[in-house]
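The residues making up each chain are set out below.
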Amino acid sequence: MSKLSILSELWEFLKVRKKWWLLPIIVFLVLLGALIVITQGSALAPFIYAIF
């Protein structure tokens, strides 16, 4: 199963079930995960983990 099919399946779920309120939550979680992964090896990591 490719990542593209997972995204298209999620999009179809949001359209059919009218769960548009889930979209900001998903976007926030993806951005937060990307921030943690990107700063994992940097000197900023202790400061970012202290925020949460």
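Predicted model, so just to flag it, every value in this text is computed and none were measured.

Rules used in this analysis
- Residues numbered from 1 in each chain as written.
- Predicted model: local features only at pLDDT ≥ 70, side-chain atom pairs only at ≥ 80, totals over all residues.
- Heavy atoms only, no water.
- Helix = DSSP H or I, 4+ residues; strand = E, 2+ residues; numbered from the N terminus.
- Areas by Shrake-Rupley, 256 points an atom, 1.4 Å probe, with all protein chains shown as cover.
- Salt bridge = Lys/Arg side-chain N within 4 Å of Asp/Glu carboxyl O.
- Buried < 20%, exposed > 50% of the residue type's maximum accessible area, 1.4 Å probe, protein only.
- pLDDT = per-residue confidence, 0-100.
- Patch = residues over 30% accessible without salt bridge, like charges linked within 9 Å, V, L, I, M, F, W, Y side chains within 5 Å.

### A closer look at the overall build of the protein chain
Then, in step 1: Along its length, the protein chain carries 3 helices and 0 strands.
Then, in step 2: Accessible surface computed for the protein chain: about 4,600 Å², of which carbon and sulfur atoms make up 76%.

### Thoughts on the pattern of salt bridges
Then, in step 1: Overall, the coordinates contain 1 salt bridge when judged by the stated rule.
Then, in step 2: Of the charged contacts, one joins Glu 12 and Lys 15 as a salt bridge, the two residues approaching to 3.5 Å between their closest N and O atoms. Of this pair, Glu 12 and Lys 15 are both found in helix α1 (residues 3–17), 3 residues apart, which corresponds to roughly one turn of the helix.
Then, in step 3: You can call Lys 15 partly exposed: its relative accessible area is 35%.

### Regarding the confidence of the model for the protein chain
Then, in step 1: Averaged over all residues, the pLDDT of the protein chain is 82; the fraction at 70 or higher stands at 83%.
Then, in step 2: Taken element by element, the protein chain is modelled with least confidence in helix α3 (residues 45–51), mean pLDDT 70, and with most confidence in helix α2 (residues 22–38), mean pLDDT 88.

### Some words on a nonpolar patch on the surface
Then, in step 1: On the surface, a cluster of nonpolar side chains totalling about 490 Å² of accessible area is made up of Trp 11, Trp 20, Leu 23, Val 27 and Leu 31.
Then, in step 2: The leading source of residues in the nonpolar patch is α2, at 3 residues.
Then, in step 3: Take Trp 20: it is sitting in the loop between α1 and α2.

### As for unusual backbone geometry
Excluding glycine, residues mostly have negative phi values, and the peptide bonds linking residues are mostly trans.
Then, in step 1: We note that Lys 18 has phi near 55°; this positive angle belongs to a residue other than glycine.
Then, in step 2: For Lys 18, the location among the structural elements is in the loop between α1 and α2.

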